[in-house]
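What the coordinates show
So you can see what is in the structure, the chains are spelled out below.
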Amino acid sequence: LALGKCELELGQPALAATTLQPLEASEDEYRRDKANRLRGRALVLTGDYERALQDLVSAGAPVTSPEMLGALAGLGRADEVNAAIDALIAQRDTAMQWEPVLTAVGERNPELGSQVLDRLRAAQLIRPGDLPALLGIDAARLTGPAREERLAELARTAPRSDAGDAARLELTRLHMRAAAT
C-alpha cells in the first residue's frame with residue numbers, strides 16, 4: 001500500500017496501479033478500499049477511466065471527489081459531473097480548495113472544466129485571490145477562441161499583476177501569429 005502510494009506521488013501512476021492491484025483482493029476491508037481508491041486515482045492519471053471508475057465506486061469514493069469527477073469527465077459523462085458540481089455548489093463551502101476539482105475535470109475535458117469554473121464563479125465560491133491562477137490554468141488547457149477569451153478575461157480580472165501581464169503578452173503573441181499567417 002505504501003509503495004503504491006509513493007509511486008503515485010512520484011508521478012508513476014502506471015507502476016502504482018500495477019503495485020496496488022494485488023491488494024484489491026485483500027480480506028482486510030480497509031486495505032482493500034484504500035488500495036482501490038489509490039489505484040482508481042492512478043488509473044485516472046493513466047487514462048483508464050472505466051477501470052478507475054470501477055475501483056473508485058468499489059472503494060466507496062464520493063462522487064464529488066476529484067478522482068471520481070476526473071473519471072467521469074474522462075468518460076464524457078458531463079451530466080454526472082454537473083450533478084456532482086451542483087451538489088458541491090449547494091454546500092456553499094467558501095473554504096473549499098477548487099483547484100483539484102477543476103484540474104481533475106479540466107485535464108480530461110477542457111471545455112467542461114471551463115464551464116465548471118464559470119459556474120463556481122457565478123455561485124461566488126471562488127476566492128478573489130485564487131481566481132487569476134485558476135483562470136490562467138484554465139486558459140492553458142484551452143485552444144483557439146476559447147483560450148483567447150479566457151486570457152482576455154484574466155487580463156481584465158488581474159490588470160496590475162504578473163498573471164495579467166502574462167495574459168496580455170500571450171494574447172499579443174497569439175494575435176501576431178494570426179497576423180503572420
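Residues numbered from 1 in each chain as written. Predicted model: local features only at pLDDT ≥ 70, side-chain atom pairs only at ≥ 80, totals over all residues. Heavy atoms only, no water.

1. Digging into the packing of helix α1 (residues 2–9) against helix α3 (residues 29–46)
Following both chains from N to C, one finds α1 and α3 inclined at 30°, their axes separated by 10 Å at the closest point. Comparing the axis directions of α1 and α3 gives the class roughly parallel. In this structure, α1 crosses over α3, and the sense of that crossing is left-handed. Residue-level contacts link Lys 5, Leu 8 and Glu 9 of α1 to Leu 38, Arg 41, Ala 42 and Leu 45 of α3. Grouping the amino acids of the contact of α1 with α3 by side-chain chemistry returns 4 nonpolar, no polar and 3 charged. (Axes fitted to C-alpha atoms, helices over the stretch in contact; angles between N-to-C directions. Helix = DSSP H or I, 4+ residues; strand = E, 2+ residues; numbered from the N terminus. Parallel < 35°, antiparallel > 145°, perpendicular 65-115°, else oblique. Left-handed = near helix turned anticlockwise from the far one by under 90°. Contact = heavy atoms within 4.5 Å. Nonpolar A, V, L, I, M, F, W, Y, C, P; charged D, E, K, R; others polar.)

2. Topic: the nonpolar core
Counting 48 residues, the largest nonpolar core has Leu 69, Val 81, Ile 85, Trp 98 and Leu 120 as its most contacted members. Excluding residues within four positions of it along the chain, Val 81 makes contact with Leu 69, Leu 72, Ala 73, Val 105 and Leu 112. (Core = buried A, V, L, I, M, F, W, Y, C linked by side-chain atoms within 4.5 Å. Buried < 20%, exposed > 50% of the residue type's maximum accessible area, 1.4 Å probe, protein only.)

3. What about the environment of Ala 52?
Note on placement: Ala 52 falls in helix α4 (residues 49–58). Along the sequence, Ala 52 and Ala 71 sit 19 residues apart, while their C-alpha atoms lie 6.4 Å from each other. In contact with Ala 52, not counting residues within four places along its chain, are Gly 40, Leu 43, Val 44 and Ala 71.

4. Details of the layout of surface pockets
Estimated volume of the largest pocket: approximately 200 Å³. Looking at the largest pocket, the residues that line it are Leu 8, Arg 41, Val 44, Leu 45, Pro 66, Glu 67, Glu 99, Pro 100, Thr 103, Ala 104, Glu 107 and Arg 108. At the level of elements, α3, α5 (66–74) and α7 (99–106) are the ones that each hand at least two residues to the lining of the largest pocket. With 4 residues, α7 is the single largest residue contributor to the lining of the largest pocket. Among the residues making up the lining of the largest pocket, the classes are represented as 6 nonpolar, 1 polar and 5 charged. (1 Å grid on protein atoms, 1.4 Å probe; cavity = no way out; pocket = protein on both sides within 12 Å on 5 of 7 lines; lining within 4 Å. Points joined across faces, edges and corners; volume = space filled by probe spheres on them.)

5. Comments concerning the pattern of salt bridges
Applying the stated criterion to the full structure yields 16 salt bridges. A salt bridge links Arg 39 to Asp 55, with the shortest nitrogen-to-oxygen separation between them at 2.7 Å. Taken together, the residues Arg 39 in helix α3 and Asp 55 in helix α4 connect sequence positions 16 residues apart. Pair check on accessibility: Arg 39 and Asp 55 agree, each one buried. Residue Arg 108 pairs with Glu 107 through a salt bridge whose shortest N-O separation is 3.5 Å. Through salt bridges that share partners, Asp 118, Arg 121, Asp 138, Arg 141, Arg 150 and Glu 153 make up one connected network. (Salt bridge = Lys/Arg side-chain N within 4 Å of Asp/Glu carboxyl O.)

6. Focus on the side chain of Glu 7
Within the element layout of this structure, Glu 7 appears in helix α1. Arg 39 is the oppositely charged side chain nearest to the buried, salt-bridge-free Glu 7, at an N-O distance of 10 Å. There is a polar contact of 2.6 Å between the side chain of Glu 7 and the side chain of Thr 19. Not counting residues within four places of it along the chain, the set of residues in contact with Glu 7 comprises Gln 12, Pro 13, Leu 15, Ala 16 and Thr 19. (Lys, Arg positive; Asp, Glu negative; His and termini not counted. Polar contact = N/O pair within 3.5 Å; in protein donor to acceptor, adjacent residues only side chain to side chain.)

7. Overview of α1
Those residues of α1 that fall on the buried side of the exposure criterion are Gly 4, Glu 7 and Leu 8. On an axial view of α1, the arc spanned by its buried residues comes to 100°, and they lie on one face. Opposite the packed face of α1, turned more than 90 degrees from it, sit the exposed residues Ala 2, Leu 3 and Glu 9. Contacts made by the buried residues of α1 are with α2 (13–20) and α3. Positive phi shows up at Gly 11, right after α1, with a value of about 80°. (Arc of directions from axis to C-beta.)

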